[in-house]
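Structural overview for review
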Amino acid sequence: MSSSPSIPFLRESAAGDASQAVACGIKLDLSRQRLTHGDLEGLFKFAAEKDLLGAHARMIRGECVNGSEGRPALHTSLRAFSLSAPRYAEVSQERRRLFDFAQRVRDGRWLGCRGDRIVDVINIGIGGSEMGPKAVWHALQTASPDIHLHFLASVDGVLLDRILAACNPRSTLVIVSSKSFSTRETQVNATAVDQWLLDNGIVGADRSRHMVVVSANPHAAEMMCLPLENQFAMWNWVGGRFSVWGGIGLPAIIALGPEAFQEFLQGANEMDRHSLEASIDQNLPALLALTAYWNSTVLKIPTHCLLPYDERLRVLVPWLQQLQMESLGKSHGINGERLKGRTGMLVWGSNGNEAQHSFYQWLRDGTGSTSIDLIWSEMPGHRYAEHYRVLLANARAQAEALVARDPKAPYFNAVSTIVLDAVTPRRLGAVMAMYEHKTTMLGTLYNINPFDQPGVELGKRLSKFAETGADPKKLLEEARE
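Description of the structure in this document. Not measured: the values here are computed from a predicted model.

Attention now goes to the packing of aromatic side chains. This model, assessed by the stated rule, comprises twelve aromatic pairs. Look at Phe101 and Trp110: their rings are 4.8 Å apart centre to centre, the planes differ by 75 degrees, and that puts the pair in the edge-to-face class. Residue Trp110 is classed as buried on the basis of its relative accessible area of 8%. The interplanar angle of 45 degrees and the centroid separation of 5.3 Å between the aromatic rings of Phe101 and Phe232 together place this pair among those described as tilted. Within this pair, whereas Phe101 is found in helix α3 (residues 88-107), its partner Phe232 is found in strand β7 (residues 231-233), the two being separated by 131 residues in sequence. Neither Phe101 nor Phe232 differs from the other in exposure class; each is buried. Joined through ring pairs, the aromatic side chains of Phe99, Trp245, Phe261 and Phe264 make up one cluster.

Let us now look at the sheet that holds strand β8 (residues 303-308). Here we have six strands laid out as an open sheet, ordered β1-β2-β11-β10-β8-β9, and mixed in their pairing. Two strands bound the open sheet, and with one partner strand each, they are β1 (20-23) and β9 (346-349). With direction set aside, neighbouring strand axes in the sheet form an average angle of 20 degrees. Of the pairings in the sheet, the one linking strand β10 (residues 370-377) to strand β11 (residues 413-420) comprises eight bridges and is parallel in character. Note that in β11 the partner of Trp376 across the bridge is Val419. With respect to the sheet, helix α11 (residues 316-328) is in contact with β8 and β9, its orientation differing from that of β9 by roughly 180 degrees. On the sheet, helix α15 (residues 425-446) packs against β2 (26-32), β8, β10 and β11 and is oriented at approximately 145 degrees with respect to β11.

Before going further, it helps to examine the environment of Tyr388. Looking at the secondary structure, you find Tyr388 in helix α14 (residues 385-401). Owing to a relative accessible area of 16%, Tyr388 belongs among the buried residues under this scheme. In this structure, the C-alpha to C-alpha distance between Tyr388 and Tyr309, residues 79 residues apart in sequence, is 10.0 Å. When neighbours within four sequence positions are excluded, Tyr388 is seen to be in contact with Ser377, Glu378, Met379, Pro380 and His382. A distance of 3.0 Å separates a polar side-chain atom of Tyr388 from the backbone oxygen of Glu378.

Once that is clear, we can look at the nonpolar core. If you look at the biggest cluster of nonpolar residues, it comprises 103 residues, and the most contacted ones within it are Ile254, Met432 and Tyr435. In terms of residue count, α15 provides more of this core than any other element does, eleven residues in total. Both domains that furnish three or more residues to this core are identified here as domain 1 (10-61 + 278-450) and domain 2 (75-261). Once residues within four sequence positions are removed from consideration, Ile254 is found in contact with Phe101, Ala102, Val105, Arg106, Val121, Ile147, Leu173 and Ile175. Of all hydrophobic cores here, the second largest spans 22 residues; its members include Leu160, Val174, Ala190 and Ala220.

The next point concerns the sheet that holds strand β3 (residues 120-124). Here five strands make up an open sheet; going across it, the order is β4-β3-β5-β6-β7 and the pairing parallel. With partners counted over all chains shown, the strands left at the sheet margins are β4 (148-152) and β7, one partner each. Strand-to-strand, the axes of this sheet are offset by a mean angle of 20 degrees, without reference to chain direction. Alignment of strand β6 (residues 211-215) against β7, held across three bridges, turns out to be parallel. By the bridge assignment, Val214 is partnered in β7 with Phe232.

The next point concerns empty space enclosed by the protein. Counted by the stated rule, this structure contains four cavities of 30 Å³ or more. For the largest cavity, the lining is made up of 13 residues, of which Val91, Arg95, Leu98, Trp245 and Gly246 are closest to its centre. At five residues, the largest contribution of residues to the lining of the largest cavity is made by α3. In terms of residue class, the lining of the largest cavity is built from nine nonpolar, two polar and two charged.

Parameters and conventions
Residues numbered from 1 in each chain as written. Predicted model: local features only at pLDDT ≥ 70, side-chain atom pairs only at ≥ 80, totals over all residues. Heavy atoms only, no water. Phe/Tyr/Trp six-rings, centres within 6.5 Å; stacked < 30°, edge-to-face > 60°. Buried < 20%, exposed > 50% of the residue type's maximum accessible area, 1.4 Å probe, protein only. Helix = DSSP H or I, 4+ residues; strand = E, 2+ residues; numbered from the N terminus. Pairing = 2+ DSSP bridges. Axes fitted to C-alpha atoms, helices over the stretch in contact; angles between N-to-C directions. Contact = heavy atoms within 4.5 Å. Polar contact = N/O pair within 3.5 Å; in protein donor to acceptor, adjacent residues only side chain to side chain. Core = buried A, V, L, I, M, F, W, Y, C linked by side-chain atoms within 4.5 Å. Domains from an automatic or database assignment. 1 Å grid on protein atoms, 1.4 Å probe; cavity = no way out; pocket = protein on both sides within 12 Å on 5 of 7 lines; lining within 4 Å. Points joined across faces, edges and corners; volume = space filled by probe spheres on them. Nonpolar A, V, L, I, M, F, W, Y, C, P; charged D, E, K, R; others polar.

What follows is the structure, encoded as structure tokens:
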């Protein structure tokens, strides 16, 4: 099918109930998607042929779904509360350790080496070791938190200076997070912050009151000259970008409290159960995956834009960008064959209200077609009624404005709206799990492995080569010979 202005909206051929689905406090409206009800039924048949829901269930059961690395992908086990869940015993044991440590920091039983309460936490980690906890913290923090989080990801001295200037080393806890504990940016930043502690007299055994590590590398604590009890676990069967539910979430557990984080996990678990039990026509992540597949492969839409109309959800944009683009940015299938056609879209976006005065002109009248998710909450996170009235009016209006393009133009948008009944830890967990499942289901539809990242690994190798002063192009040329 060509990109044509005659492509209908789903609402033109389906009753309202057929274009909406509700679960876990989330309402998904597909009525502004560009397909007919018959097309949607065809997508359901395609999903059955691909055994989409069966493949999803096999992932959650713990079967090997990451073929290139020979591993399961058990991020759902990190938020499971059933004895039958894979790895339940070790996950629940580590969760208790995380919660106990976080509570000791929060109530003052874990103090700095001079008896100071911890009021700042610096998370050193990049990619999956930063994106998830940063999104959770931004969404759920209070206006005046007792503990402040700082995320040191980029290996940029300007960011380092700004974070260290805002913290007192005696009342600061440092969390070094890296699955392999070999990520170069994390190593450099950890060394610099460790030197900051040393420069301020925090040496020897005193360092153990100010630094912990989260890693799948069993030697991570030793590498930082810390006792083993200062290390929290990751596992090789959880990808970094899917890991916020476990040890990588430690900074958020400390800042928000174990009770809030438990609610976050329970919301995600509710979405896991919904994704397994709901019929495909009411299955939120499956509907998102199928319409995304339609948009990218049939309508040839190249980009997906996420527009949160809620300040609390702003950081979902870079989180989703990493989740989907690192997972679905592949041109080879699971058997190594080069794929024909499109796979994952470019993911971008911004705070929706601000973006109206930035790039909506391009979305409305530019020479491109875009898949769009608008997301907002039915309950504001503040007491300012007029602000919420105006913000909600903008969100609802733009959902229509973004599909009201010139009917003579060969460009169009396909819009979904996602409405939360409230932004709570439970609902945030459900939304993030929903997008995770959409992403892994798209892996099944595209016939690619969404759990590896060979292109990222290549960049890491070339960067190490370039640090020696050598030309990374030379390494590539040698590899081709």
